[in-house]
Amino acid sequence: MTNPSTLTSNPPAPILSSRRDGPLELKPLRLGNIDVGFPVVQAALSGYSDWPMRIVARRLGAPYTIHEVVIDQFVLSLKDRDKTKHHLFITDEEHPVGGQLMGSEPDDFVAASEKLVNVGFDVIDINFGCPVKSAVNGCRGGYHLGQPDIALEIIRKVREIVPHEIPVTLKMRGGIDDSSQSKDQFFAILEGAYDAGIASVTVHARTVEQKYIGPSNWDFLCEVKRFAGDRTVLGSGDLFTAQACLDMIHETGVDGVTVARGAIGNPWIFQQAKDLASGKEITLPDLTEQKRVLQMQYDLHLEYFPQKAISTMRKFGIKFAPLHAQPVEVRNAFATIKTAEDWKNVLKQWYRS
Ligand SMILES: Cc1cc2nc3c(=O)[nH]c(=O)nc-3n(C[C@H](O)[C@H](O)[C@H](O)COP(=O)(O)O)c2cc1C
């Protein structure tokens, strides 16, 4: 359940951030009554933001993380079995942590939200952003951006059923496509969502149709923040460096940012953003530090779901490889691991320090 230490009634002190043309005040992020603090958090990442990734991010400086998206009907069908234990797995260390839902029918959304609350998530996040074919064809994720009435019915019903002290938040893309009708629908949902009591909206500034083609549209984030006024907006899109995280906040006026692809294989980005904000030099992780964190993530798997350790760390190792001086060789080495012995050998061979 919500960690009482994250609940405060007084607004926290501002954090000073440096900017190329002078210091700027960076407001600490709040989601409803949860004091998140530094406004650079880890996004929900399907296939990635499992418990070990989230714990690593938290230990390395992310003040808030979100579980990968789960489909409402899947949540409702989950039984207490060892094989599925890694789904919806959270521990005390990671509060506050968000659970994110995707679905098509308002009533399933409601039932699944209750389950996420009972599991102990501190925030319930509704996904109206997923652009993948299976989601959109199943009338889930980004599909809802084209049907404001149903979208708002889901939001209102979820907000009603989730206990008042638990914030409900929303993730959106910037509309279905670039048409003016889509834009109107986006702002109708945004306004209705805030009216319904949503604590924050995260906008990935690409359209559903756009998927990942072309850059994200930060001008659109400026427009969203102007519209939202003092209501909380988080930005998403093309945040691959600590500097980009601060730039998005400064240039668009959003209240915080969610780091997605930029955090896969680079959990140091959160501390780097903090360091940059306080005028310190950014340090890149040396080999000893890279090895320490890779091993930490592997060990976290061993603690609760050892059967997933190798396959998952193969995927993550490949993402860490670009930080190595010999990225291609290290990538290839991680790509072939099949056993615990292979894992040990890759670290021994390539991360000797
Ligand atoms: C592999 C992958 C998985 C993602 N999974 C989710 C998810 O579960 N929920 C969600 O809201 N967004 C998800 N996203 C979208 C990201 O959170 C983010 O909005 C998007 O990638 C834009 O940010 P970026 O350009 O900095 O990566 C995912 C993106 C990627 C690349």
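Heads up: the structure comes first, above all this text.
One structure accompanies this document, and this report is about it. (Residues numbered from 1 in each chain as written. Predicted model: local features only at pLDDT ≥ 70, side-chain atom pairs only at ≥ 80, totals over all residues. Heavy atoms only, no water.)

1. A look at helix H10 (residues 287-304)
Its 18 residues give H10 an end-to-end C-alpha distance of 27 Å, which sits within 8% of 26 Å, the value for a rise of 1.5 Å per residue. When H10 is considered as a whole, its buried residues turn out to be Glu-289, Gln-290, Val-293, Leu-294, Met-296, Gln-297, Tyr-298, Leu-300 and His-301. Against helix H1 (51-59), helix H11 (309-320), helix H12 (327-335) and helix H13 (340-350) lie the buried residues of H10. (Helix = DSSP H or I, 4+ residues; strand = E, 2+ residues; numbered from the N terminus. Expected span 1.5 Å × (residues − 1). Buried < 20%, exposed > 50% of the residue type's maximum accessible area, 1.4 Å probe, protein only. Contact = heavy atoms within 4.5 Å.)

2. Quick notes on the site of the ligand
In the region of the ligand, 18 residues are neighbours, and Ser-46, Tyr-212, Ser-236, Asp-238 and Arg-261 sit closest. Note that an oxygen atom of the ligand is positioned 2.7 Å from one of the side-chain N or O atoms of Tyr-212. Ser-236 has a polar side-chain atom sitting 2.7 Å from an oxygen atom of the ligand. Burial of the ligand by the protein chains amounts to 86% of its free accessible area of 620 Å². In this structure the site holding the ligand corresponds to the largest pocket. Per-class residue counts for the shell around the ligand are 8 nonpolar, 6 polar and 4 charged. (Near = heavy atom within 4 Å. Polar contact = N/O pair within 3.5 Å; in protein donor to acceptor, adjacent residues only side chain to side chain. Areas by Shrake-Rupley, 256 points an atom, 1.4 Å probe, with all protein chains shown as cover. 1 Å grid on protein atoms, 1.4 Å probe; cavity = no way out; pocket = protein on both sides within 12 Å on 5 of 7 lines; lining within 4 Å. Sits in = over half its atoms within 2 Å of the grid points. Nonpolar A, V, L, I, M, F, W, Y, C, P; charged D, E, K, R; others polar.)

3. Quick look at the pattern of salt bridges
In this structure the tally under the stated criterion is 12 salt bridges. With a closest N to O distance of 2.8 Å, Glu-94 and Arg-54 form a salt bridge. Separated by 40 residues along the polypeptide, Glu-94 in the loop between helix H2 (72-77) and strand E8 (97-102) and Arg-54 in helix H1 bring together distant segments of the chain. When salt bridges that share partners are traced, they join Lys-27, Lys-225 and Asp-255 into one network. (Salt bridge = Lys/Arg side-chain N within 4 Å of Asp/Glu carboxyl O.)

4. Section: the side chain of Lys-225
In this fold, Lys-225 is placed in helix H7 (residues 218-228). In this structure Lys-225 comes out as buried when scored by relative accessible area, which is 12%. Within the local environment of Lys-225, its side chain forms a polar contact with the backbone oxygen of Arg-231, the two atoms lying 3.0 Å apart. In this view, Lys-225 contacts Asp-230, Arg-231, Val-233, Thr-252, Gly-253, Val-254 and Asp-255; residues no more than four positions away in its chain are not counted.

5. Section: the packing of aromatic side chains
Pairs of aromatic rings are described using the distance from one ring centre to the other and the angle between the two planes. According to the stated counting rule, one finds 15 aromatic pairs in the structure shown. Note on Trp-51 and Tyr-304: the rings are 5.1 Å apart at their centroids and 85° apart in plane angle, and the pair reads as edge-to-face. On the criterion of sequence distance, the pair formed by Trp-51 in helix H1 and Tyr-304 in helix H10 is long-range, its members being 253 residues apart. Of the residues examined, Tyr-304 reaches a relative accessible area of 30% and is grouped as partly exposed. Here the aromatic cluster, defined as three or more aromatic residues joined through ring pairs, consists of Trp-51, Phe-89, Tyr-304 and Phe-305. (Phe/Tyr/Trp six-rings, centres within 6.5 Å; stacked < 30°, edge-to-face > 60°.)

Note that every value here comes from positions in space, so none of it alone points to a role or purpose.
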